[in-house]
Amino acid sequence: PRPRAELAPGAVHVPDWLSFAEQRDLVAACRGFAGYRHTRLPNGGVMSVKSVCLGWHWYPYGYSRTTGEGTPVLPFPGWLGDLGRRALADAYGEPADGYEPDIALVNFYDAAAKMGLHQDKDERSLAPVVSFSLGDACVFRFGNTETRGRPYTDVELRSGDVFVFGGPSRLAYHGVPKTLPGTADPALGLTGRLNITLRVSGL
Ligand code: MD3
Ligand code: FE
């Protein structure tokens, strides 16, 4: 079994936190969200993941109340906040009653998608980020707060894993160098990988 691990202060990996039924229900919920898109970057690049954001619309580098395409921003569901509080409490071993995420960023990775090393600095709050992984496993790269380069640690994230990034780890560089296609449980009915991050906008 893979043990709970604190990679750095505030960065806690809880393997297999979601039950299979919870994973299946989350996959179904994510399937129902309309508006997945490849985000266009200011430098002209396009992200290989497809994303949809609930509660607020994420764009590089900020959050808005509108998508810019006339499509509504989907509401942040109360049940997702509850799940995030439970995950945070289990990861940190203390109550998370005051944790009120208002953003869920859902990323879909096909077999070729990846995410370069970056910091998440678009939120005005430095409250923890809670991440749920579903479907194919991936190599997750967790770096340092100083530079985009080494030192970093590679961790495999699998379906059902929770990862919390708070405290000094909230501004650490991180990314997904690759997914591991074909590793998802076929019973999940998901080809590819989904990641949900819960965040506090501070807006
Ligand atoms: C560490 N997503 O959407 S989740 C992102 O798997 C993002 O889709 C990756 O990085 C994914 O911005 C990684 C894990 C994660 C999320 C937020 C973090 C790690 C983090 C914020 C600070 C430090
Ligand atoms: Fe990120």
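Residues numbered from 1 in each chain as written. Chains lettered and ligands numbered in written order. Predicted model: local features only at pLDDT ≥ 70, side-chain atom pairs only at ≥ 80, totals over all residues.

A.B. asks: Quick question: what am I supposed to make of the site of ligand 1 here?
C.D. replies: If you check the shell around ligand 1, you find 15 residues, and the closest are Asn-107, Asp-120, Ser-131, Phe-165 and Asn-195. For the shell around ligand 1, the secondary structure elements donating two or more residues are strand 7 (103–109), strand 9 (129–135), strand 12 (162–165), strand 13 (174–180) and strand 14 (193–199). The class makeup of the residues in the shell around ligand 1 is seven nonpolar, six polar and two charged. (Near = placed C-beta within 6 Å. Helix = DSSP H or I, 4+ residues; strand = E, 2+ residues; numbered from the N terminus. Nonpolar A, V, L, I, M, F, W, Y, C, P; charged D, E, K, R; others polar.)

A.B. asks: What should I look at first to understand the nonpolar core in this one?
C.D. replies: Across soluble globular proteins, you tend to see nonpolar side chains buried next to one another. Judged by nonpolar contacts, the single largest core of 45 residues is most densely connected at Ala-87, Ala-104, Val-162 and Val-164. With six residues, the single largest contributor to this core is strand 7. Beyond its immediate stretch of four places on either side in the chain, Ala-104 contacts Leu-54, Gly-55, Phe-76, Leu-80, Ile-196 and Leu-198. (Core = buried A, V, L, I, M, F, W, Y, C linked by C-beta atoms within 7 Å. Buried ≥ 20, exposed ≤ 12 C-beta atoms within 10 Å, placed from the backbone. Contact = placed C-beta atoms within 7 Å.)

A.B. asks: Would you explain the pairing of strand 2 (residues 11–14) in this entry?
C.D. replies: Remember that side chains alternate between the two faces of the sheet whenever the strand is regular. In terms of strand pairing, strand 1 (residues 5–8) meets strand 2 through three bridges, oriented antiparallel. Bridge pairing in strand 2 links Ala-5 to His-13. Counted along the chain from strand 1 to the antiparallel partner strand 2, the turn is two residues long, and its residue Gly-10 has a positive phi close to 90°. Direction of pairing for strand 2 relative to strand 12: antiparallel, over a ladder of four bridges. From the neighbouring strand, Val-14 faces strand 12, where its bridge partner is Val-162. (Pairing = 2+ DSSP bridges.)

A.B. asks: Just to check I follow, could you spell out the environment of Tyr-109 for this structure?
C.D. replies: Relative to the helices and strands, Tyr-109 resides in strand 7. Put simply, Tyr-109 and Val-176 are 67 residues apart on the chain and 9.8 Å apart in space, counted from C-alpha to C-alpha. In contact with Tyr-109, other than residues within four places in its own chain, are Val-49, Cys-138, Thr-179, Gly-192 and Arg-193.

A.B. asks: Sorry, what's going on with the sheet that holds strand 4 (residues 46–54) here?
C.D. replies: Taking strand neighbours across the sheet as the criterion, the eight strands line up as 1-2-12-9-14-7-4-3 in an open arrangement whose pairing is antiparallel. Because the sheet does not close on itself, it has two edges, and the strands there are strand 1 and strand 3 (37–40). Across the sheet, the mean angle separating the axes of adjacent strands is 30° when strand polarity is ignored. Bridge analysis of strand 9 against strand 14 gives six bridges, and the strand direction is antiparallel. Residue pairing in the sheet places Phe-132 in a bridge with Ile-196 of strand 14. Sitting on the sheet, helix 1 (residues 20–32) is in contact with strand 7, strand 9 and strand 14, with an inclination near 95° to strand 9. (Axes fitted to C-alpha atoms, helices over the stretch in contact; angles between N-to-C directions.)

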